[in-house]
Every structure is written in C-alpha cells, then in structure tokens.
Amino acid sequence: MVNEQTENCPKCNARWRGEDIYEHFLARRDNGDVFYANKTDEEILETASSYGYTLESPQYFSHLIGIEIRGYYDGVAGWKCPACGQVWNRFTGEEVGEERRLLTPVISITNKNN
Ligand SMILES: [Zn+2]
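From a predicted model like this one, the values you see are computed outputs, not experimental measurements.

Draft legend 1. The arrangement of the overall build of the protein in detail. Secondary structure summary: the protein contains 2 helices and 5 strands in total. Moving toward the C terminus, one meets the helices and strands of the protein in the order β-α-α-β-β-β-β. Computed over its C-alpha atoms, the radius of gyration of the protein comes to 19 Å, more than 25% above the 13 Å expected for a compact globule of 114 residues. Of all intrachain contacts in the protein linking residues separated by at least 6 positions in sequence, the fraction that spans at least 24 positions is 42%.

What follows is the structure, encoded as structure tokens:
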C-alpha cells in the first residue's frame, strides 16, 4: 500500500523519501533559522517527535503528494507521484491513474421497508 512512508514509486521507481525530519530541524537551527536558534538538540528532537520521530524509529519527509478533494473527504483522499503523476486511492490502495478517478461514487443501501 502506497503511503508517506513508501520510499520509492512502485510505478516509476522515483525516490519519494525525503530528509530525515530530525536532521532537517537541526540543519534549520544550524543554518540560522531564527525560530530554532536557541533550541537544544533535545528541544529539536521534541519538535521532530510531533512528526512521530524517535531516535529508535526515524521518520522522513516524503515527496509524495497528498490529494485533498473539497466536499468529498476532509483529508488526504489520494496520493500522487510527483515524478510520473500516477495516483493511488488512499483507502483502497488501488492505482487509479488520475485524480478525478478518486471520486468513486459511494453506494449506500437503504432499507425501504422501514
Ligand atoms: Zn512515479
């Protein structure tokens, strides 16, 4: 199943894994980002932990594109490869090809005898 933790595109093999999140914030501090200027390594680790990062289980930013569709679902409905454009349904994992095909109708069954 494709998600933010998938390292490479299963279609075109483009690398999706981005920077180590903790190292990203350390670098921002060390490169003069005012917001992080006076933070200790422990405080930076705490910032990274809000992304689920721990030293035992490092997390990485992803280049994968999350697709939201207003009025359809409040959150990511699909994932898109920034290299080849392939789109996957976030919930079923199905490869749908293009964004508009994420809009599959929801079938509701109503018992008319009630
Ligand atoms: Zn791709």
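That shown, we press on.
Draft legend 2. Spatial organisation of the domain arrangement of the protein. Considered domain by domain, the protein is made up of domain 1 (1–16 + 63–114) and domain 2 (18–62). On a C-alpha basis, the centres of domain 1 and domain 2 stand 29 Å from each other.

Draft legend 3. Representation of the nonpolar core within the structure. Counting 9 residues, the largest nonpolar core is built from Val2, Cys9, Trp16, Leu64, Trp79, Cys81, Val87, Trp88 and Leu102. Leaving out residues up to four positions away in the same chain, Val2 has contacts with Pro10, Trp79, Trp88 and Gly93. Counting residues in each nonpolar core, the second largest holds 6 residues, with Ile21, Tyr22, Ile44 and Tyr53 among its members.

Draft legend 4. Seen up close, helix H1 (residues 21–30). Ile21, Tyr22 and Phe25 are the residues of H1 that are buried. Along the long axis of H1, the arc covered by the buried residues comes to 105 degrees, so they all point the same way. The secondary structure elements touched by the buried residues of H1 are strand S1 (17–20), helix H2 (41–49) and strand S2 (60–62). Remark: Gly32 follows H1 within two positions and exhibits a positive phi of approximately 95 degrees.

Draft legend 5. Focus on the packing of H1 against H2. Axis separation between H1 and H2 bottoms out at 9 Å; the angle between their running directions is 135 degrees. Our classification of the angle between H1 and H2 gives oblique. For the crossing formed where H1 meets H2, the hand is right-handed. Where H1 approaches H2, its residues Ile21, Tyr22, Phe25, Leu26 and Arg29 are matched on the opposing element by Ile44, Leu45, Thr47 and Ala48. In terms of residue class, the contact of H1 with H2 is made up of 7 nonpolar, 1 polar and 1 charged.

Draft legend 6. Spatial organisation of the environment of Asp20. Tracing the sequence through the fold places Asp20 in strand S1. Looking at Asp20, the number of C-beta atoms within 10 Å reads 16, which means it is partly exposed. Along the sequence, Asp20 and Pro58 sit 38 residues apart, while their C-alpha atoms lie 7.0 Å from each other. Apart from the residues lying within four places of it in its own chain, the contact partners of Asp20 are Pro58 and Tyr60.

About the thresholds
Residues numbered from 1 in each chain as written. Predicted model: local features only at pLDDT ≥ 70, side-chain atom pairs only at ≥ 80, totals over all residues. Helix = DSSP H or I, 4+ residues; strand = E, 2+ residues; numbered from the N terminus. Rg over C-alpha atoms; globule rule 2.2 N^0.38 Å. Contact = placed C-beta atoms within 7 Å. Domains from an automatic or database assignment. Core = buried A, V, L, I, M, F, W, Y, C linked by C-beta atoms within 7 Å. Buried ≥ 20, exposed ≤ 12 C-beta atoms within 10 Å, placed from the backbone. Arc of directions from axis to C-beta. Axes fitted to C-alpha atoms, helices over the stretch in contact; angles between N-to-C directions. Parallel < 35°, antiparallel > 145°, perpendicular 65-115°, else oblique. Left-handed = near helix turned anticlockwise from the far one by under 90°. Nonpolar A, V, L, I, M, F, W, Y, C, P; charged D, E, K, R; others polar.

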